Amino acid sequence: MNDTTDKLVLFLAKRDGIDKLVKTFQYVSKLLHYRLHPTHPDLSLRFKHWELASGLSRKAFRTGRFLTGFNALRRSPGPTPTRQLLSVFANAGEMVYFFFDHLLWLARIGVVDPNLARRMSFVSAFGEAVGYVFFVVLDLIAIREGMVRERKEEEEEVKKVIRGERVMRVMAVAANVADLLIALADVEPNPFWNHTVTLGISGLVSAWAGWYRNWPS
């Protein structure tokens, strides 16, 4: 399949594809609001509304996503005891993140007590941070193992497959580290993590790494 339109249609047919597109909108609008606010406050307010709407939309798109981690543990926790343990922590953190993110969405739209939003946000971000740390460790282990396999392999085609897998793993690490910074802004606020530019760039790195990983080959 070489047609870009065909690939875009397939990309947008995936829940992760839609999520990455809307995430791009969210963080581009965040940076534009920051850039335009001093000189064009009315225009910057429009971008702020776009950012908030995009964030809420992404939470709706992710409804039921916490089951992904549960299913991953149920189906393929890992080939070794070490990988299994790391996978438990990674997926458990992700499950907490998505489950409480659903509750945060309900609080933000007023279905449940809006006063719960801050607490839900903290718990969701804490689970997210824990999950990302362990997912990064798992990917780094896989990258190292792939490099060892590549050195031992003689067939060029197999080496090409291993290198392709490594690129995907590197993209996953980039996305998870970027998302970890965003999560830490909620868990442990500080001027660097919570700066609009830090959050905006981190969000775009994560979104564009996701574009690369989910784009049809």
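Every chain's residues receive numbers from 1 upward, in the order its sequence appears when written. Two thresholds apply to this predicted model, a pLDDT of at least 70 for residue-level local features and 80 or more for giving and counting side-chain atom pairs, whereas whole-chain, interface and lining totals are computed over all residues. Where side-chain values are given, they derive from all heavy atoms of the structure, hydrogens and water being excluded.

Caption draft 1: Representation of the overall build of the protein within the structure. Each helix and strand in the protein was counted, giving eight helices and zero strands. A run of H or I in DSSP becomes a helix once it reaches four residues, and a run of E becomes a strand once it reaches two; helices and strands are each numbered from the N terminus. Element order for the protein, N to C, with α for helix and β for strand: α-α-α-α-α-α-α-α. Atoms counted for the radius of gyration: C-alpha only. Globule rule: 2.2 Å times the number of residues to the power 0.38. For the protein, the C-alpha radius of gyration of 19 Å lies close to 17 Å, the compact-globule estimate for 217 residues. Along the three orthogonal principal directions, the C-alpha set of the protein runs to about 60 × 40 × 35 Å. Sequence separation of at least 24 residues holds for 71% of the intrachain contacts in the protein that already meet a minimum separation of 6. Approximately 12,600 Å² of the protein is accessible, and the part contributed by carbon and sulfur atoms is 64%. Between the averaged position of the 29 positive side-chain charges in the protein and that of its 22 negative side-chain charges there is a distance of 3 Å. It only takes one pair of heavy atoms within 4.5 Å for two residues to be counted as in contact. Per-residue and other accessible areas follow the Shrake-Rupley method at a 1.4 Å probe size, with only the shown protein chains counted as cover for residues. Positive charges come from Lys and Arg, negative ones from Asp and Glu, while His and the chain ends are left out of the count. To locate a charge, take NZ of a lysine, CZ of an arginine, CG of an aspartate or CD of a glutamate.

Caption draft 2: Spatial organisation of the nonpolar core. Buried Ala, Val, Leu, Ile, Met, Phe, Trp, Tyr and Cys residues form a nonpolar core when they are joined through side-chain atoms within 4.5 Å. Buried means the residue's accessible area, taken with a 1.4 Å probe over protein chains only, is under 20% of the maximum for its type, while exposed means over 50%, and partly exposed covers the values in between. Of all hydrophobic cores here, the largest spans eight residues; its members are Tyr97, Phe98, Ala125, Ala129, Tyr132, Leu180, Ala183 and Val187. Of all elements in the fold, only helix H5 (81-108), helix H6 (117-152) and helix H7 (156-187) reach the threshold of two or more residues within this core. Sequence-distant contacts of Leu180, defined by excluding residues within four places in its chain, comprise Ala129, Tyr132 and Val133.

Caption draft 3: Inspection of the environment of Ala129 at higher detail. Position of Ala129 among the secondary structure elements: in helix H6. Along the sequence, Ala129 and Glu188 sit 59 residues apart, while their C-alpha atoms lie 11 Å from each other. For Ala129, the contacting residues outside a window of four places in its chain are Leu180 and Ala183.

Caption draft 4: Highlighting the side chain of Arg65. Structurally, Arg65 can be placed in the loop between helix H3 (41-61) and helix H4 (66-75). Beyond its immediate stretch of four places on either side in the chain, Arg65 contacts Arg15, Asp16, Phe98 and His102.

Caption draft 5: Local environment of the UniProt feature "transmembrane region" (unreviewed entry) in the protein. The UniProt record annotates "transmembrane region" (unreviewed entry) at residues 84-100 and 120-142. End-to-end, the C-alpha atoms of residues 84-100 are 24 Å apart, and along that stretch the chain is 100% helix and 0% strand. Secondary structure across residues 120-142 divides into 100% helix and 0% strand, with the first and last C-alpha atoms of the span separated by 33 Å. UniProt positions are given in the numbering used here, feature names are shortened, and annotations may be inferred rather than shown by experiment.

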